[in-house]
Every structure is written in structure tokens, then in C-alpha cells.
Amino acid sequence: MRILILGPQGSGKGTQARLLAGGRGLAHVATGDILRAAVANGSELGRRVRPILERGDLVPDDLMIELIRERLEEEDGFVLDGFPRTVPQAEALDTMLADIGKPLDAVLLLEVGDDVAVRRLTARAAEEGRTDDAPEVIANRLRLYHELTEPVVERYRGIGMLVAVDGEGSVEEVAEEIESALSGVGAGSR
Ligand code: AMP
């Protein structure tokens, strides 16, 4: 099964994507994790994207598209988390998945209000010390989500692929909602 998970920072997207992938034996392909790993090991990619991540800005579309193409070609079943974040990325994703014959089965949206998102991100900053969880960086990331990623949500809603789930409950509650939302989708496929 191939699932795309969308939602603002602080929606619990990463946690739910990990649970979903683990439970179904799918790869969890998270662009934020891939980029942070590149920064941590000081690769050329890491040096290039580090200042962008620190500001909470978006990495250029062409770089992201190349990065994700290589990863998705390797996987049959996956939960895609953090990509696409812009309409050009979404268009590129559709084309590349059609090219490699691996269309998406479902597009999930975790809905949370900005107040909940900011509260969760601020708590995570204290726990994990992520440099992009500083208050002004959080505000920038949420602004970019509304401006550039919400049109991606609307694109999938428009083609009838979007399944929206309330993301404001506990981890367990949201996971249950996701399971019931997915139970009618792509049954039996991987
Ligand atoms: P995340 O962990 O998904 O919030 O991603 C952390 C950071 O990585 C983001 O704030 C962006 O700077 C960068 N990033 C991750 N995915 C993308 C993407 N699809 N397009 C552009 N930048 C991205």
C-alpha cells in the first residue's frame, strides 16, 4: 500500500506515519528525517540544506524532487511524510509515481488548529532541542504550510483522494481514527 500523509507541523504526522508504516510493514519515507540525517553527517547535501532548515524555509523543489525520486523507486509500499509541500512537488510526485507504476492508494490529512500545533511544537523544542522548533522558526514553518502546502491539500481534495482525520486527540485516538479511515481504502493492496 502507498499512503501519503499531510498535515501541518505539530499535527503528529511523523508519529502517526511511523506507527502506520510499522504496523503494515511499509517504509516510512520522511523527507525531514532524510534532510536532518544529511545535516548530521555533514554530506554535501547536508551543508547545502542546513541554513534552510535552520530558518524553517523550504528546500528548493528541484532538489527535493530528485531526492524523493531515488527513494520511491526503491520502495513498493510506503508512507510518505513531508513531501509534497508545494504544488510543483505534488505535480512531480504524480508524474513520477505514474512513470514507475506505483500510484497512491490514499492521501491522509491530519487536521489540527494552529494553537494546538504551536503548543505541541513548543513542547517538542523543550524535549528534543530541535533548532527549527524556536518560536520564530515555528511561525515561519506554519506560515509556509498555509501558503504553500494547503494548496496541495486542496489539490488532493479536488480529485477525491483526501481522507481527513481529526489530529487533536491522543496518539492512540488518532491512530485508531486513521485505521478506520483506511479500512475502506485499497483493501488487500500493498
Ligand atoms: P519536517 O521534519 O517534515 O518538518 O521537515 C523539516 C524541514 O526540512 C522543513 O522545515 C524544511 O526546511 C525541510 N523539508 C522537508 N521536506 C521538505 C519538502 N518536501 N520541501 C522542502 N523542504 C522540505
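Keep in mind that what you see is a predicted model, and the values were worked out from it rather than measured.

### Remarks on the environment of Val165
Tracing the backbone shows Val165 in strand 5 (residues 162-166). As for Val165 and Asn140, which are separated by 25 residues in sequence, their C-alpha atoms are 24 Å apart. Apart from the residues lying within four places of it in its own chain, the contact partners of Val165 are Leu108, Leu109, Leu110, Glu111, Val174, Glu177, Ile178 and Ala181.

### A word on the sheet that holds strand 3 (residues 78-81)
Whenever strands of a sheet pair, they do so through backbone hydrogen bonds, lying parallel or antiparallel. The strand order across the open sheet formed by five strands is 2-3-1-4-5, and the pairing between neighbours is parallel. At either margin of the open sheet sits one strand with a lone partner, and together these are strand 2 (27-30) and strand 5. Adjacent strand axes in the sheet meet at a mean angle of 25 degrees when their direction is disregarded. Sheet analysis places strand 1 (residues 2-6) next to strand 4 (residues 106-111), joined by four bridges and oriented parallel. By the bridge assignment for strand 4, Leu4 is matched with Val107.

### Thoughts on the packing of helix 2 (residues 31-40) against helix 4 (residues 61-74)
In the contact formed by helix 2 and helix 4, the axes pass within 11 Å of each other and the chain directions differ by 105 degrees. For the element pair helix 2 / helix 4, the angle class is roughly perpendicular. Along the contact surface, helix 2 presents Thr31, Ile34 and Leu35, while helix 4 presents Met64, Leu67, Ile68 and Arg71. Looking at side-chain class alone, the contact of helix 2 with helix 4 contains five nonpolar, one polar and one charged residues.

### Quick notes on the nonpolar core
Among the nonpolar cores identified, the biggest contains 31 residues, and Leu6, Leu80 and Tyr156 are the most heavily contacted of them. Of all elements in the fold, only strand 1, strand 2, helix 3 (44-55), helix 4, strand 3, helix 5 (87-99), strand 4 and helix 7 (135-158) reach the threshold of two or more residues within this core. Take this core: its biggest share by element is six residues, from helix 4. Ignoring anything within four residues of it in the chain, the contact list for Leu6 reads Lys13, Pro84, Val107, Leu108, Leu109, Leu110, Val152, Val153, Tyr156 and Leu162. Grouped together as the second largest cluster of nonpolar side chains are 17 residues, Leu20, Val79, Leu108 and Leu182 included.

### Some details on the layout of surface pockets
For the largest pocket, the calculated volume is near 980 Å³. Looking at the largest pocket, it is lined by 44 residues, and the ones nearest its centre are Gly14, Arg36, Arg124, Arg130 and Arg141. Looking at the lining of the largest pocket, the elements that each hand over two or more residues are helix 1 (13-24), strand 2, helix 2, helix 6 (114-128), helix 7 and helix 8 (171-182). Counting residues per element, the lining of the largest pocket draws most heavily on helix 6, which supplies six residues. Taken together, the residues that form the lining of the largest pocket break down as 13 nonpolar, 17 polar and 14 charged. What lines the second largest pocket is simply Arg36, Val39, Arg50, Leu53, Glu54, Arg130, Thr131 and Asp132. Among the elements of the structure, helix 2 and helix 3 are those that each provide at least two residues to the lining of the second largest pocket. Considering every element that reaches the lining of the second largest pocket, the biggest residue donor is helix 3, with three residues. Classifying every residue of the lining of the second largest pocket gives two nonpolar, one polar and five charged.

Parameters and conventions
- Residues numbered from 1 in each chain as written.
- Predicted model: local features only at pLDDT ≥ 70, side-chain atom pairs only at ≥ 80, totals over all residues.
- Heavy atoms only, no water.
- Helix = DSSP H or I, 4+ residues; strand = E, 2+ residues; numbered from the N terminus.
- Contact = heavy atoms within 4.5 Å.
- Pairing = 2+ DSSP bridges.
- Axes fitted to C-alpha atoms, helices over the stretch in contact; angles between N-to-C directions.
- Parallel < 35°, antiparallel > 145°, perpendicular 65-115°, else oblique.
- Nonpolar A, V, L, I, M, F, W, Y, C, P; charged D, E, K, R; others polar.
- Core = buried A, V, L, I, M, F, W, Y, C linked by side-chain atoms within 4.5 Å.
- Buried < 20%, exposed > 50% of the residue type's maximum accessible area, 1.4 Å probe, protein only.
- 1 Å grid on protein atoms, 1.4 Å probe; cavity = no way out; pocket = protein on both sides within 12 Å on 5 of 7 lines; lining within 4 Å.
- Points joined across faces, edges and corners; volume = space filled by probe spheres on them.

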